[in-house]
Amino acid sequence: MTVSDEVLVDVKGVKVHFPIRKGVIFDKTVGHVYAVDGVDLQIHKGETYGLVGESGCGKSTLGRAILNLEPPTAGSVDFDGVDIASLKGEELRHKRQDIQMVFQDPMGSLDPRQTVESLLLEGMKAHGLAKDSKAAGTRLRELLKAVGLPVAALKKYPHEFSGGQRQRIGIARALSVNPKLIVADEPVSALDVSVQAQVINLLEELQDEFGLTYLVVAHDLAVVRHISDRIGVMYLGALAEESDAEELYTRPLHPYTRALMSAVPVPDPLIEDRRERILLTGDLPSPANPPKGCRFHTRCPWRQETKCDTERPELRVVEIDGVPANHRVACHFAEQIEAGELKAHEVKAQLTSQSDHGSETDFMGPASVTEAL
Ligand SMILES: Nc1ncnc2c1ncn2[C@@H]1O[C@H](COP(=O)(O)OP(=O)(O)OP(=O)(O)O)[C@@H](O)[C@H]1O
Ligand code: SF4
Ligand SMILES: [Mg+2]
């Protein structure tokens, strides 16, 4: 589908901080989880934006903030030119119809006691789209056809389907209210690899058919590669890098993206043997106590003592020949690293400082990016 210049979703300086509370009698806020900590991104009409990053980096929270299910602590989200947080009551309900979610675990999001027919009708009724029962029946059959399920599925219950089929029902449910944007949060992570490609292909077909815009959230770069027009790489609540999908795969510039890419196997055994691997040591720091300066400095093989530990890098346009302006990187030294002027050094595994607030705030991620993938 052609991507328009028109912006559908405009995320401006969004932060979502969750308070950490302690105490039985006095409910005291003792700190915050900085789940999303300053994100700017735009999604154009007809575009698929892939958002990737390790577990706990804030992808789902950002997705929920776009739907205003998690009201931002700071910043705003404009949808189709309207600040969602400014809407109330009927207006908000109407806008919500335009934005639907597809979840990782369709079993968890589909009520097991309802037939597929009643699951699909639920949303349509809520938005007044099922007043004429004949038209609603036609619509249900169209929806099933669109997601590749037989009409007989209408009378069945979620447990009677395979994981891939259940995800098709989840997608049909999202489609049932004619949304403009679908936020798909890890839509294929729970599925077998063979089924993953089918569901991704289905999402692509539906995009063309219904003129949809997608935000696809995944921890696996391979999942977003083929479906995305652009990709944002997230690390500890912020974007580390953003660019066109192919550009990101051919020329990752942020050290974190370089490490993520180096963990993805290459099919050609000769290239696979020779290519550079960047293994990240150290844990993903806690979002309750993120490192000062560049958030990636505790794990970065190119960390420099000037700047990296003290100044937080902005997501910026880089000055490298042939790199387009929409390829932005949050690294002070992106140019010098790309030019080979700075060499990667070994990073000693360092204990990421735990929050001062005790074990309740233990938000450690996987030991390495490779493990996360
Ligand atoms: N309601 C909440 N209250 C407190 N902390 C929360 C809440 N929701 C999320 N968090 C914390 O915010 C951080 C980001 O969580 P989020 O679910 O957005 O990450 P994610 O990137 O989607 O991870 P995953 O890949 O595991 O789904 C995590 O440390 C998480 O524990
Ligand atoms: S700013 Fe410094 S620590 Fe951060 S990614 Fe760049 S080189 Fe590494
Ligand atoms: Mg998530």
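Parameters and conventions
- Residues numbered from 1 in each chain as written.
- Chains lettered and ligands numbered in written order.
- Predicted model: local features only at pLDDT ≥ 70, side-chain atom pairs only at ≥ 80, totals over all residues.
- Helix = DSSP H or I, 4+ residues; strand = E, 2+ residues; numbered from the N terminus.
- Rg over C-alpha atoms; globule rule 2.2 N^0.38 Å.
- Buried ≥ 20, exposed ≤ 12 C-beta atoms within 10 Å, placed from the backbone.
- Contact = placed C-beta atoms within 7 Å.
- Domains from an automatic or database assignment.
- Near = placed C-beta within 6 Å.
- Nonpolar A, V, L, I, M, F, W, Y, C, P; charged D, E, K, R; others polar.
- UniProt positions renumbered as here; feature names shortened; annotations may be inferred.
- Pairing = 2+ DSSP bridges.
- Core = buried A, V, L, I, M, F, W, Y, C linked by C-beta atoms within 7 Å.
- Expected span 1.5 Å × (residues − 1).

J.: How should the overall build of the protein chain be read in this particular structure?
T.: For the protein chain, the helix and strand inventory stands at 13 helices and 12 strands. Here the C-alpha atoms of the protein chain give a radius of gyration of 22 Å, agreeing with the 21 Å that 2.2 N^0.38 yields for 373 residues. The principal-axis extents of the C-alpha atoms in the protein chain amount to approximately 70 × 65 × 40 Å. Out of the 373 residues in the protein chain, the part that is buried amounts to 39%. Long-range contacts, defined here as pairs at least 24 residues apart, represent 68% of the contacts in the protein chain between residues at least 6 apart.

J.: Sorry if this is basic, but what is going on with the domain arrangement of the protein chain here?
T.: Where interface size is quoted, it is often the accessible area lost as the parts come together. The domain boundaries assigned to the protein chain delineate domain 1 (7–228) and domain 2 (244–339). The interface of domain 1 with domain 2 comprises 14 residues on the first partner and 8 residues on the second. Breaking the side of domain 1 that touches domain 2 down by element, the ones donating at least two residues are strand 2 (28–44) and helix 8 (221–225). Top contributing element to the side of domain 1 that touches domain 2 by residue count: strand 2, with 5 residues.

J.: Is there a simple way to explain unusual backbone geometry in this structure?
T.: Generally, phi is negative for residues other than glycine and the peptide bonds are trans, each holding for most cases. Even without a glycine there, the phi angle at Asp 80 is positive, about 55°. Positionally, Asp 80 belongs in the loop between strand 4 (74–79) and strand 5 (82–83). You can call Asp 80 partly exposed: it has 16 C-beta atoms within 10 Å. Positioned with a positive phi, Glu 186 is a non-glycine residue whose angle comes to about 50°. Within the element layout of this structure, Glu 186 appears in the loop between strand 7 (181–185) and helix 7 (193–210).

J.: Help me understand the site of ligand 1, please; the structure alone is not making it clear to me.
T.: Taken together, 14 residues sit near ligand 1, with Phe 18, Ala 35, Ser 55, Ser 60 and Thr 61 positioned nearest. Listing elements by their share of the shell around ligand 1, those giving two or more residues are strand 2 and helix 1 (59–66). For the shell around ligand 1, the element with the highest residue contribution is helix 1, accounting for 3 residues. Of the residues belonging to the shell around ligand 1, the class tally is 6 nonpolar, 7 polar and 1 charged.

J.: Mind showing me how you'd approach helix 1 here?
T.: Every α-helical turn comprises 3.6 residues, leaving residues that sit three or four positions apart pointing alike. Judged by how many residues are buried, helix 1 sits mostly within the fold: 7 of 8 residues are covered. Once helix 1 finishes, Asn 68 follows within two positions and takes phi at roughly 60°, a positive value.

J.: Please explain the UniProt feature "domain: ABC transporter" (unreviewed entry) in the protein chain as it appears in this structure.
T.: Those residues carrying the UniProt feature "domain: ABC transporter" (unreviewed entry) are residues 20–261 in this numbering. Measuring from the first to the last C-alpha atom of residues 20–261 gives 34 Å, for a span that is 40% helix and 25% strand.

J.: Mind showing me how you'd approach the environment of Tyr 214 here?
T.: Topologically, Tyr 214 is positioned in strand 8 (residues 213–218). Take Tyr 214: there are 24 C-beta atoms within 10 Å of it, and that puts it in the buried class. Tyr 214 sits 195 residues away from Pro 19 along the chain, and the two C-alpha atoms are 30 Å apart. In this structure Tyr 214 touches Thr 48, Tyr 49, Ile 182, Ala 184, Leu 203 and Gln 207, once residues within four positions along its chain are discounted.

J.: Teacher, can you tell me more about the sheet that holds strand 2 here?
T.: Note on sheets: strands pair through backbone hydrogen bonds, and any given pair is parallel or antiparallel. Taken together, the 4 strands give an open sheet; going across it, the order is 2-1-4-5, and neighbouring strands pair in antiparallel fashion. Taken across any chain shown, the strands that pair with only one partner, and hence form the sheet edges, are strand 2 and strand 5. Two strands pair when backbone bridges link them, and strand 1 (residues 7–22) and strand 4 are joined in this way by 5 bridges, in the antiparallel orientation. Its bridge partner lying in strand 4, Lys 12 is registered against Ser 76.

J.: Would you explain the site of ligand 2 in this entry?
T.: Around ligand 2 lies a shell of 13 residues, among which Cys 294, His 297, Cys 300, Cys 308 and Cys 331 are the nearest. Of the residues contributing to the shell around ligand 2, the split by class is 9 nonpolar, 3 polar and 1 charged.

J.: In this structure, what is going on with the sheet that holds strand 8? I would like to understand it.
T.: Pairing is mixed across the open sheet formed by 8 strands, whose spatial order is 6-7-8-3-9-10-12-11. Two strands lie at the open edges of the sheet, namely strand 6 (99–102) and strand 11 (316–317), each paired on one side alone.

J.: Would you mind going over the nonpolar core with me for this structure?
T.: Soluble globular proteins tend to pack their nonpolar side chains together in the buried interior. In this structure, Leu 215, Val 233, Met 234 and Tyr 235 are the most contacted members of the largest nonpolar core, which totals 88 residues. In terms of residue count, the dominant contributor to this core is strand 2 (7 residues). Both domains that furnish three or more residues to this core are identified here as domain 1 (7–228) and domain 2 (244–339). Those residues in contact with Leu 215 that lie beyond four places of it in its chain are Ile 43, Tyr 49, Leu 51, Gly 63, Ile 66, Leu 181 and Val 183.

J.: When you look at the pairing of strand 4 in this model, what are you seeing that I'm missing?
T.: The two faces of a sheet get side chains in turn, since along a regular strand they alternate between them. Note that strand 4 and strand 5 share 2 bridges and pair antiparallel. Looking across to strand 5, one finds that Asp 78 is bridged to Asp 83. Taking the residues that link successive antiparallel strands as the turn, the strand 4-strand 5 hairpin has 2 residues, and the phi of Asp 80 there is positive, at about 55°.

J.: Which parts of the structure should I look at to understand helix 6 (residues 163–175)?
T.: In this model, helix 6 (13 residues) spans 18 Å end to end at C-alpha, consistent with the 18 Å of a helix rising 1.5 Å per residue. Across the 13 residues of helix 6, 11 count as buried, placing the element largely inside the fold. Turning to helix 6, its buried residues are Gln 165, Arg 166, Gln 167, Arg 168, Ile 169, Gly 170, Ile 171, Ala 172, Arg 173, Ala 174 and Leu 175.

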